[in-house]
Amino acid sequence: MINTTLLLNASKAITPHLPKKVQKLMPGFLVFLPLALEIAKLLYKHRQEIRGVIENLTEQVSTRAKKVSNGIAIAAPRLPKKVGRKLRRRLKYLPYALEIAKAYQKKKHRKVRHLTASLPKKIHRKIDRLLKRHRRPQRLNFLRGY
């Protein structure tokens, strides 16, 4: 899992390097960016299995997700080497991962199933496990005793 505080600090550093249009979209995507980066990392690891599938799927992605990932691609060369290298590797899968994460956070489970259905079963299961790990707590457990 990615540490969200480090990611938010990194996003604050990345945001000024992004185009102005993308900077306006970033606050909406910061909520599910950690989950999207985890999914993009998973898709990158299994790129041999999904090489042909992912190109067809990214055509179905919303324009907002494409703008954010394109803005990150523009900023990647200006970032520190390690961060830029990791982002450049996963950028091909980031728009699709953003779409899955956005659908999951908005509790549109049918859309998540639809987006992941065309992926190989092994990767589909891994994404499902990753989404279950990222499940938001419904209530604060420590308040239940009062």
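One can find the structure itself at the top, above this paragraph.
The structure displayed is predicted, hence computed values, not measured ones. (Residues numbered from 1 in each chain as written. Predicted model: local features only at pLDDT ≥ 70, side-chain atom pairs only at ≥ 80, totals over all residues. Heavy atoms only, no water.)

1. Comments concerning the overall build of the protein
Defined as follows: Comment: elements are numbered from the N terminus, with helices defined as DSSP H or I runs of at least four residues and strands as E runs of at least two. By definition in these notes, contact holds between two residues if any of their heavy atoms fall within 4.5 Å. Computed with a 1.4 Å probe, the accessible areas rest on the Shrake-Rupley method; for each residue, only the protein chains presented here act as cover.
The helix and strand inventory of the protein stands at 9 helices and 0 strands. N-terminal to C-terminal, the α/β element order of the protein is α-α-α-α-α-α-α-α-α. In the protein, the share of contacts with a sequence separation of at least 24, taken over all contacts with a separation of at least 6, comes to 77%. Here the protein displays about 9,400 Å² of accessible surface, and carbon together with sulfur accounts for 54% of that area.

2. Comments concerning the side chain of Lys102
With respect to the helices and strands, Lys102 occurs in helix α7 (residues 94-105). In contact with Lys102, other than residues within four places in its own chain, are Phe32 and Ser62.

3. Looking at the nonpolar core
Operational definition: The definition of a nonpolar core used throughout is a set of buried Ala, Val, Leu, Ile, Met, Phe, Trp, Tyr and Cys residues joined through side-chain atoms within 4.5 Å. We call a residue buried when its accessible area falls under 20% of the maximum for its residue type, exposed when it is over 50%, and partly exposed in between, using a 1.4 Å probe and counting protein chains only.
With 42 residues, the main nonpolar core has Ile39, Leu43, Tyr96, Leu98 and Ile127 as its most contacted residues. Counting residues per element, the ones that place at least two in this core are α2 (20-29), α3 (33-45), α4 (47-58), α5 (63-75), α7, α8 (109-116) and α9 (121-133). In this structure Ile127 touches Ile39, Leu42, Leu43, Ile100, Thr116 and Leu119, once residues within four positions along its chain are discounted.

4. Observations regarding the packing of α2 against α5
Helix-helix packing: each pair is described by the crossing angle between the helix axes and the interaxial distance. The cut-off we apply is this: Fitting a line to C-alpha atoms yields each axis, with helices limited to the stretch in contact; the angle taken between N-to-C directions then spans 0 to 180 degrees. Orientation labels follow simple angle bins: below 35 degrees gives roughly parallel, above 145 gives roughly antiparallel, 65 to 115 gives roughly perpendicular, and whatever is left gives oblique. The crossing is said to be left-handed when, going from far helix to near helix, the turn is anticlockwise and less than a right angle, and right-handed when the turn is clockwise.
Relative to each other, α2 and α5 sit at 110°, their axes nearing to 10 Å. Between α2 and α5, the interaxial angle falls into the category roughly perpendicular. Considering the relative orientation of α2 and α5, their crossing is left-handed. Residues Val22, Leu25, Met26 and Phe29 of α2 pack against Arg64, Ala65, Lys67, Val68 and Gly71 of α5.

5. Observations regarding the packing of α3 against α9
Heads up, the condition is: Three categories are distinguished: nonpolar for Ala, Val, Leu, Ile, Met, Phe, Trp, Tyr, Cys and Pro, charged for Asp, Glu, Lys and Arg, and polar for the others, with Gly belonging to the last.
Packing of α3 against α9 leaves a shortest axis separation of 11 Å and a crossing angle of 155°. As the angle between them shows, α3 and α9 are arranged roughly antiparallel. Crossing angle aside, the handedness with which α3 passes α9 is right-handed. Packed against α3, whose contacting residues are Leu35, Glu38, Ile39, Leu42 and Leu43, the element α9 presents Ile123, Lys126, Ile127, Leu130 and Leu131 at the interface. In terms of residue class, the contact of α3 with α9 is made up of 8 nonpolar, no polar and 2 charged.

6. Details of α8
Keep this limit in mind: Read the arc as the range of directions from the helix axis to the C-beta atoms.
If you check which residues of α8 are buried, you get Val112, Leu115 and Thr116. For α8, the arc enclosing every buried residue in end-on projection is 85°, short of the 170-degree limit, so these residues lie on one face. Turned more than 90 degrees away from the buried face of α8 sit Arg110, Arg113 and His114, all of them exposed. As for α8, its buried residues are in contact with α4, α7 and α9.

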